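An overview of the molecular structure
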Amino acid sequence: MSSVPAGRIGSNEDAPAVDAGAPSTAPLARHLLPDSATTDGAGRLSVGGVDIIDLAGEIGTPLFVYDEEHLRSRCREAVAAVGEGVAYATKAFLCKAMARLAVEEGMSLDVSTSGEVETALAAGAPPERLVLHGNNKSDDELAEAFRLGVARVVVDSFDEIRRIEPLGRRRLAEGLAPQPVMIRVTPGVEAHTHEYVMTGQEDSKFGFSIASGAATVAADALAQLPGVELVGLHAHIGSQIFRLDAFDREVAALAPLLDAYGLAELCVGGGLGVAYLNEEQAPSITTWAEHLRLACDAAGVGVGVRVTAEPGRSIVATAGLTCYRVGTIKELPGIRTYVSVDGGMSDNPRPVLYGSGYEAFLPRSTDAPRPFAARIVGKHCESGDVLVADARLPVDLAVGDVLATPVTGAYGFSMASNYNRQARPAVVFVRDGKATVVVRREMTQDLLRLEP
Ligand code: LLP
């Protein structure tokens, strides 16, 4: 019995142009590759001026490769389009290099655990660029946030309000400025996306419901707390959203509460979808931000209100691709062909978790037609370990080839595991013909380091 509900993230049923039929046998669509991707006459791929097959050979596979300039350009786009306070949702992909890059390009950082906080701080991110989220922040996480004086703490429950009371008092006693907080509200909006990543509906572990009146009770309570300053409202309706009208409904639901409390800040969360498949097209960050601005105008959100957002996937997804090495090709006559690679659900659990679709291609002939149907699987000990259920590949695919899946920059490395004691892959940033290992591959010593 499958526990995965209907709907897929990735090949999203909301995507305007998804062909629900057979996958494309056409060459990989270029809009699924990072901005700096180029091919030589034979179709051999370079990203950031670095030959991808050589890189995979030098550093080993599986390997996450990111186009650094692509990452920077999406951060800059977000800052220009949304404005000050726009935060990169670090859950999509975080390491010190990424945190540093996002901060250098002017973004704040959305963090939701002490691990994300510590990584951001280790990268040199100033506390005043951190926005702390979470439906179950620990005492330590809250105390650290109040001690650091992070930009915003997004308060998610009545238990949390009780927990922050002494922390606010301490700030006051120490003569520190009040800690700015926002209220996470449940706007009662169902975005058209996979059930696992819908977050705006009433039946949710996140936030305070507007409809039930809980959000008002929370606002009243926070307004009373010493050493705490309620500055705004926050909501996040889901992820991999293509239909922007969901954001209209979100803003419309939040506007009256914002107005009633005279709050000057509205964060609409993240959620902008990206194209994973040849036929998909997603709105740009700029289009999304323009849409948000119009939605705010339509809902009567005052011009003095600072409107912010927290894009994750749309910043990093297309900047990244994963390289694998093909280890075995098993043809089952009359059934299908299995192509096994040296990674799998440990470096990309999204197909297994959400039924997400990906394209696959050979970086040695990026532009080749892909008439050969196969299932790309990993090396883990279960049949569910599928990376691309119904892939299309060039006919001359062979054992030893480097095979790549594009658009793996978001929620791949960050959701990677050590299942079967598989070492997590290295992460490389490429730019101007230079490759920098920003996270080295795990080694056996890393896997054993926690055990006496
Ligand atoms: N803000 C909040 C409060 C969030 O919870 C999230 C994502 C974001 C921003 C960023 O959303 P984005 O722009 O990346 O859609 N693992 C799933 C996605 C989970 C999203 C969780 N929250 C996946 O692989 O599709």
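Residues numbered from 1 in each chain as written. Predicted model: local features only at pLDDT ≥ 70, side-chain atom pairs only at ≥ 80, totals over all residues. Heavy atoms only, no water.

1. Topic: the overall build of the protein
Each helix and strand counted, the protein has 12 helices and 20 strands in total. Taking 2.2 N^0.38 as the reference for a compact globule, 452 residues should give roughly 22 Å; the C-alpha atoms of the protein span a radius of gyration of 23 Å, in line with that estimate. By its C-alpha atoms, the protein is 70 × 50 × 45 Å across when sized along the principal axes. Buried residues in the protein amount to 56% of all 452 residues. (Helix = DSSP H or I, 4+ residues; strand = E, 2+ residues; numbered from the N terminus. Rg over C-alpha atoms; globule rule 2.2 N^0.38 Å. Buried < 20%, exposed > 50% of the residue type's maximum accessible area, 1.4 Å probe, protein only.)

2. As for the layout of surface pockets
A volume near 700 Å³ is recorded for the largest pocket. Residue lining of the largest pocket: 33 residues in total, with Lys91, Thr199, Phe206, His236 and Tyr411 positioned closest to the centre. Secondary-structure elements contributing two or more residues to the lining of the largest pocket are helix H10 (313-316) and helix H11 (350-354). Mapped onto the domain boundaries, the lining of the largest pocket takes at least three residues apiece from domain 1 (30-66 + 319-442) and domain 2 (133-310). (1 Å grid on protein atoms, 1.4 Å probe; cavity = no way out; pocket = protein on both sides within 12 Å on 5 of 7 lines; lining within 4 Å. Points joined across faces, edges and corners; volume = space filled by probe spheres on them. Domains from an automatic or database assignment.)

3. Details of the domain arrangement of the protein
According to the domain assignment, the protein consists of domain 1 (30-66 + 319-442) and domain 2 (133-310). A separation of 35 Å is found between the C-alpha centroids of domain 1 and domain 2. Each side of the interface is counted separately: domain 1 has 11 residues, and domain 2 has 12 residues. Of the roughly 970 Å² buried where domain 1 meets domain 2, counting both sides, 56% is carbon and sulfur surface. It is His31, Tyr354 and Val407 in domain 1 that bury the most area against domain 2; as a group they hold 43% of the surface buried on that side. The tally of links between domain 1 and domain 2 comes to two residue pairs in polar contact (both at pLDDT 80 or more). (Contact = heavy atoms within 4.5 Å. Buried area = accessible area lost by both parts, 1.4 Å probe. Polar contact = N/O pair within 3.5 Å; in protein donor to acceptor, adjacent residues only side chain to side chain.)

4. Quick notes on empty space enclosed by the protein
Enumeration over the complete set of coordinates arrives at one cavity of 30 Å³ or more. Its boundaries defined by the atoms lining it, the largest cavity holds a volume of some 60 Å³. What lines the largest cavity is Ser114, Val117, Glu118, Leu132, Glu141, Glu144, Ala145, Leu148 and Val150. Among the elements of the structure, helix H4 (114-122) and helix H5 (139-148) are those that each provide at least two residues to the lining of the largest cavity. Tallying contributions element by element places H5 first for the lining of the largest cavity, with four residues. Residue composition of the lining of the largest cavity, grouped by class: five nonpolar, one polar and three charged. (Nonpolar A, V, L, I, M, F, W, Y, C, P; charged D, E, K, R; others polar.)

5. Things to note about the pairing of strand E20 (residues 434-439)
A regular strand places its side chains on the two faces of the sheet in alternate fashion. Relative to E20, strand E19 (residues 426-431) runs antiparallel, the two being bridged by five bridges. The partner of Phe429 across the bridge, within E20, is Thr436. (Pairing = 2+ DSSP bridges.)

6. Here's the deal with the nonpolar core
Grouped together as the largest cluster of nonpolar side chains are 127 residues, with contacts concentrated most on Met98 and Leu403. Apart from residues lying up to four places away in sequence, Met98 is in contact with Leu71, Cys75, Tyr88, Phe93, Ile315, Val316 and Phe429. Judged by nonpolar contacts, the second largest core, of five residues, contains Val131, Val154, Val231 and Cys267. (Core = buried A, V, L, I, M, F, W, Y, C linked by side-chain atoms within 4.5 Å.)

7. Thoughts on H4
Count 3.6 residues to each turn of an α-helix, and residues three or four apart come out pointing the same way. Every buried residue of H4 is listed here: Glu116, Val117 and Ala120. Here the buried residues of H4 occupy an arc of 100° about the axis, which is enough to place them on one side. In this fold, the buried residues of H4 make contact with helix H3 (96-104), strand E6 (108-111), strand E7 (130-132) and H5. The first or second residue beyond H4 is Gly124, which carries a positive phi of 90°. (Arc of directions from axis to C-beta.)

8. Looking at the packing of aromatic side chains
Within a pair of aromatic rings, the relevant descriptors are the distance that separates the centres and the angle that separates the planes. According to the stated counting rule, one finds eight aromatic pairs in the structure shown. For the ring pair Phe93 and Phe413, a centre distance of 6.1 Å and an interplane angle of 75° mean the geometry is edge-to-face. With Phe93 in the loop between strand E5 (87-89) and H3 and Phe413 in the loop between strand E18 (402-406) and E19, this pair connects stretches of sequence that are 320 residues apart. Ring geometry for Phe93 versus Phe429: centroids 6.3 Å apart, planes at 55°, classification tilted. You can see Phe93 sitting in the loop between E5 and H3 and its partner Phe429 sitting in strand E19, a full 336 residues away along the chain. Grouping residues by exposure puts Phe93 and Phe429 together as buried. Among the aromatic side chains, those forming a connected cluster through ring pairs are Phe64, Tyr66, Phe93, Phe413 and Phe429. (Phe/Tyr/Trp six-rings, centres within 6.5 Å; stacked < 30°, edge-to-face > 60°.)

9. Quick notes on the site of the ligand
As a matter of local geometry, the ligand sits amid 20 residues, with Ser239, Glu310, Arg313, Arg350 and Tyr411 nearest to it. Here an oxygen atom of the ligand sits 2.4 Å away from a polar atom, N or O, in the side chain of Ser239. At a separation of 2.6 Å, an oxygen atom of the ligand approaches a polar side-chain atom of Tyr411. Considered on its own, the ligand offers 590 Å² of accessible surface; in the complex 91% of this is hidden by protein. Judged by the fraction of its atoms near the pocket grid, the ligand is located in the largest pocket. (Near = heavy atom within 4 Å. Areas by Shrake-Rupley, 256 points an atom, 1.4 Å probe, with all protein chains shown as cover. Sits in = over half its atoms within 2 Å of the grid points.)

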